[in-house]
Amino acid sequence: MGIVHILGAGIAGLAAAVRLVKVGRRVEIYEAASHAGGRCRSFFDETVGRVIDNGNHLLLSGNRAAMAYLTEIGSIDTLLVPPRAAFPFVELPTGRRWVVRPSAGPIPWWILNPAARVPDTTPGDYLAAWRLARAGPEARVADCFDTDRPLFKRFWQPLAVAVLNATAEEAAARPLWLIIAETFAKGEAACRPCIARTGLSQSFVDPAVRFLEAAGAGIHFNHRLRAISLSSGRARSLDFGETRVALGADDHAVLALPPARVAELLPGTTVPEDTRAIVNAHFRLDGPTRPPDEVPFLGLVGSVAQWLFVRGNVVSVTVSAADALAEEAPEKIATMLWADISQALELPLKPEPLARIVKEKRATFAQTPEGIARRPGTRTAWANLLLAGDWTDTGLPATIEGAVRSGHAAARVIAGR
Ligand SMILES: Cc1cc2nc3c(=O)[nH]c(=O)nc-3n(C[C@H](O)[C@H](O)[C@H](O)COP(=O)(O)OP(=O)(O)OC[C@H]3O[C@@H](n4cnc5c(N)ncnc54)[C@H](O)[C@@H]3O)c2cc1C
């Protein structure tokens, strides 16, 4: 059996490596950075004086591939999973607060209870979701709903932005439905919102690296793939500048890299080109605070801040589809977002706490129908070269679940040979 060379130690590359090691394959991983995790990582920040995540990441309990990955690397217990699904919201312009509590089982009984529904909505509003279920590849989320209805503004719009990192007016409908079918449509046990207890690296990255090293996989940091030599339908060698790795007759390479890198390395490969930004702000408070409900996060409607997460004395907010905001100065962003947080958590506006702004300008590819149409599959024109990454054609939104499934798909192809 040959060696599998995995390029990129983000979640897709790590998930592929873990699966392959488990079926007894020899794996070597090469990562350009000095650390693993890619767009899903934690680091120590001097300003807030503690380890923070590059951005808040939420999983749903029905993200079965992500859960399987955490189980395989032995870190499933590091996820905070609430005993019941609950999604609290506050609409800042009106001050209205509500909690969406999906019912047990697939029949959404909760929409029959006015107290459980989103304010000013009727059961009929929810049934309009069938249009999302039947959306074609060209459809955008906003095409499936009456955008003047409160349910659109208070539920579908924030959900689309959070899941697809694009506004409902531009985001493709299909991937949103796929994830809803696997989570919300199965009942509350499949849509419990889960977050990493301590940090993303502690749950998703460090345990995977430890698992892989213990299993004998080589992990080579500071190894940036610069070129691939290709001939007669196969990849022949990997060029890292100072070093070159020749691929043997039974060897494979998995490119778990960003789409722009793959386009450079494999000319003629179609990949999604446009990206969308996510901005996160982390504020250090004097003491611990709590969001008003039983889960450590809160959805914000009608404000710049979209989702707020609390970990001890650090409040972090996420703004997705944030290309315009990402152009602003960090101080200005902090002031705008703190105004929203102080209102949502009923904390004083002044003095403004210390803040760290993290701008991920290429957080995900633009998940529009045009971008989705450019997602390539796992296999390439070169027999021993495979692709993985949240931007490949998983059908799912560009999320941890999609990244893990793309890695598993590449591993399946190789293990099946
Ligand atoms: C701010 C933010 C918030 C998010 N929120 C959520 C969320 O709430 N829920 C959720 O499920 N998902 C969320 N996501 C998406 C999730 O982080 C991604 O889907 C996932 O991390 C993608 O993993 P990947 O392995 O496909 O790609 P990447 O993480 O991009 O991995 C690619 C790796 O390749 C490396 N690399 C690049 N070029 C080279 C080269 N030439 N040679 C070698 N290595 C190279 C990179 O350094 C990187 O480590 C969020 C993302 C961001 C940025």
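Attention in this report is confined to the structure presented alongside it. (Residues numbered from 1 in each chain as written. Predicted model: local features only at pLDDT ≥ 70, side-chain atom pairs only at ≥ 80, totals over all residues. Heavy atoms only, no water.)

1. Some words on the site of the ligand
Here is step 1 of the chain: As a structural note, the neighbourhood of the ligand is formed by 33 residues, with Glu31, Arg39, His57, Leu58 and Asp390 the closest of them.
Here is step 2 of the chain: Notes on the ligand: free accessible area 1000 Å², of which the protein chains cover 92%.
Here is step 3 of the chain: Elements that contribute at least two residues to the shell around the ligand include exactly helix H1 (11-22), strand E15 (275-284), strand E19 (354-365) and helix H11 (400-415).
Here is step 4 of the chain: Grouping the constituent residues of the shell around the ligand by class yields 15 nonpolar, 12 polar and 6 charged. (Near = heavy atom within 4 Å. Areas by Shrake-Rupley, 256 points an atom, 1.4 Å probe, with all protein chains shown as cover. Helix = DSSP H or I, 4+ residues; strand = E, 2+ residues; numbered from the N terminus. Nonpolar A, V, L, I, M, F, W, Y, C, P; charged D, E, K, R; others polar.)

2. Considerations on the layout of surface pockets
Here is step 1 of the chain: If you add up the space inside the second largest pocket, you get close to 400 Å³.
Here is step 2 of the chain: Mapped onto the lining of the second largest pocket, the elements with two or more residues apiece are helix H3 (123-127), helix H4 (129-133), helix H5 (150-164) and helix H6 (173-182).
Here is step 3 of the chain: Broken down by element, the lining of the second largest pocket gets its largest block of residues, 3 residues, from H5. (1 Å grid on protein atoms, 1.4 Å probe; cavity = no way out; pocket = protein on both sides within 12 Å on 5 of 7 lines; lining within 4 Å. Points joined across faces, edges and corners; volume = space filled by probe spheres on them.)

3. A closer look at the environment of alanine 166
Here is step 1 of the chain: Within the secondary structure, alanine 166 is located in the loop between H5 and H6.
Here is step 2 of the chain: Distance from alanine 166 to threonine 275, taken between C-alpha atoms, is 9.6 Å for residues 109 residues apart in sequence.
Here is step 3 of the chain: When residues no more than four places from it in sequence are discounted, the contact partners of alanine 166 are Ala160, Val161, Ala171 and Ala321. (Contact = heavy atoms within 4.5 Å.)

4. Concerning helix H9 (residues 330-345)
Here is step 1 of the chain: An ideal rise of 1.5 Å per residue puts 22 Å on 16 residues; H9 measures up with 22 Å between its terminal C-alpha atoms.
Here is step 2 of the chain: Regarding H9, the residues found buried are Ile333, Ala334, Leu337, Trp338, Asp340, Ile341, Ser342, Ala344 and Leu345.
Here is step 3 of the chain: Glutamate 346 sits one or two positions beyond H9 and adopts a positive phi of about 55°. (Expected span 1.5 Å × (residues − 1). Buried < 20%, exposed > 50% of the residue type's maximum accessible area, 1.4 Å probe, protein only.)

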